[in-house]
Amino acid sequence: MPSPLIEVRDLDKRFDRTLALHGVEATIDRGEIVVLLGLSGSGKSTLLRHLDGLETPTSGSVRVLGEEVPRLRGRRLRALRGRVGFVFQQFELVPSLTVLENVLTGSLARLRGPRLGLWSYPKRLKLAALGHLDRVGLLDRAYQRADTLSGGQQQRVAIARALMQEPEILLADEPVASLDPESSEQVMALIREIAMDAGLTVVCSLHQVDLALAWGDRIVGLRGGRLVLDTPTEGLGKAEVMEIYGRVATATAELEAIETELADASAEARPDRAEPLAEGAGR
Ligand SMILES: Nc1ncnc2c1ncn2[C@@H]1O[C@H](COP(=O)(O)OP(=O)(O)OP(=O)(O)O)[C@@H](O)[C@H]1O
């Protein structure tokens, strides 16, 4: 049996006094479209960032494409990142550059030295970039400045930029959080179409249950840094997700309350070794 593309085992991440992820376990196979569903502060971004080596676990294991990510440094880390595209909520385009140049920056990891201006990229990459722009429906905008596009169009440019890497995995961190409902649907539809065509594996964080059900194969639910739901979307209804999510979340809240009580009791008994737990607290 082929090993999973992504394997997270007993992952904990602590930022000072905040336990952002706790005991997270997830296995994702090639070609799956997984939605990380959770409220603000539930740990979605932190989990995604571990998959690309942007965060280091406090404990636990993160294997992506056969590599133990936290152990990678330098060239090997860059090589892994070259195989993993990342799309962000705020698009992260260079506003003053043309759409085409923004897309071309997706190939920088594979080129030596800095590039300035369209002329500095090889013709084959320019053709590839135009092809990706065509794929996301923006070929006619190639020579326009990025900041003249709408939010939905900018996110499509960001997707085309990620495709320049020819990634095997696409990570998307709340890619539609800044978009209106219609653009959100378009962007999610595009991500799904591209993933299906190219056999891409997608891990996409969202907080809207409707979008998760419509565009994901599977929902992984996070709450307070814990995994509280992991289920295929097929045959699932919104009410059912809310019911499962709510029920597990309530059970988790009870467990957390007991743990906090125990921690407080042990802190009182041994004040010198007390270490309060501030799960889900602000940054
Ligand atoms: N660099 C950091 N330093 C300190 N705390 C952090 C840091 N990054 C995240 N956190 C905390 O970890 C918890 C999880 O944050 P995270 O951004 O992963 O949640 P999220 O589900 O992606 O939220 P959102 O949807 O608002 O982006 C939050 O309590 C957050 O404040």
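That block above? That's the structure.
These numbers come from a predicted model, not from an experiment.

## Focus: the overall build of the protein chain
Move 1: Within the protein chain one finds 8 helices and 10 strands.
Move 2: Out of the 283 residues belonging to the protein chain, those deemed buried represent 39%.

## Observations concerning the sheet that holds strand β5 (residues 67-68)
Move 1: Overall, antiparallel pairing links the 4 strands, which are arranged β2-β1-β4-β5 in an open sheet. Looking at the sheet topology across the chains shown, the edges are occupied by β2 (18-28) and β5.
Move 2: Here strand β1 (residues 6-15) runs beside β2; their pairing, made up of 7 bridges, is antiparallel. Note that in β2 the partner of leucine 11 across the bridge is valine 24.

## Observations concerning the sheet that holds strand β8 (residues 201-206)
Move 1: Pairing in this open sheet of 6 strands is mixed, and the strands run β6-β7-β8-β3-β9-β10 from one edge to the other. Across the chains shown, the open sheet's two edge strands, defined by having one partner strand only, are β6 (84-87) and β10 (226-232). Each neighbouring strand pair of the sheet contributes to a mean axis angle of 15°, computed without reference to strand direction.
Move 2: Helix α1 (residues 44-51) rests against β3 (33-37), β6, β7 (169-173), β8 and β9 (218-223) of the sheet, and its axis sits at about 155° to β8.

## Remarks on the environment of valine 103
Move 1: One can find valine 103 in helix α3 (residues 99-104).
Move 2: Taking the C-alpha atoms as reference points, valine 103 and glutamine 165, 62 residues apart in sequence, are found 9.9 Å from one another.

## Re the environment of valine 24
Move 1: Considering the arrangement of structural elements, one finds valine 24 in strand β2.
Move 2: Considering only alpha carbons, one finds valine 24 and arginine 218, 194 residues apart in sequence, at a separation of 16 Å.
Move 3: Look past the residues within four positions of valine 24 in its chain and what remains in contact with it is Val8, Leu11, Leu47 and Leu227.

## Overview of unusual backbone geometry
Move 1: A positive phi is found at phenylalanine 91, a non-glycine position, where the angle reads about 65°.
Move 2: Along the chain, phenylalanine 91 turns up in the loop between β6 and α3.
Move 3: By the C-beta count within 10 Å, which is 23 here, phenylalanine 91 ends up buried.
Move 4: Phi at glutamate 92 is positive, roughly 60°, even though this residue is not glycine.
Move 5: Positionally, glutamate 92 belongs in the loop between β6 and α3.
Move 6: We classify glutamate 92 as partly exposed; it has 13 C-beta atoms within 10 Å.

Parameters and conventions
- Here the residue numbering is sequential within each chain, running from 1 through the sequence in written order.
- In keeping with the model being predicted, local features are shown solely for residues with a pLDDT of at least 70 and side-chain atom pairs are shown and tallied solely at 80 or more, while totals for entire chains, interfaces and linings include all residues.
- Numbering of helices and strands runs from the N terminus, with a helix taken as a DSSP run of H or I at least four residues long and a strand as a DSSP run of E at least two residues long.
- Burial is judged by counting other C-beta atoms within 10 Å of a residue's own C-beta: 20 or more means buried, 12 or fewer means exposed, and anything between counts as partly exposed, with every C-beta placed from the backbone.
- Criterion used throughout: strands pair if DSSP finds at least two bridges between them.
- Between N-to-C directions, angles span 0 to 180 degrees; the directions come from axes that are lines fitted to C-alpha atoms, helices contributing only their stretch in contact.
- What counts as a contact is two residues whose backbone-derived C-beta atoms lie within 7 Å of each other.

The analysis is restricted to geometry; functional conclusions fall outside its scope.
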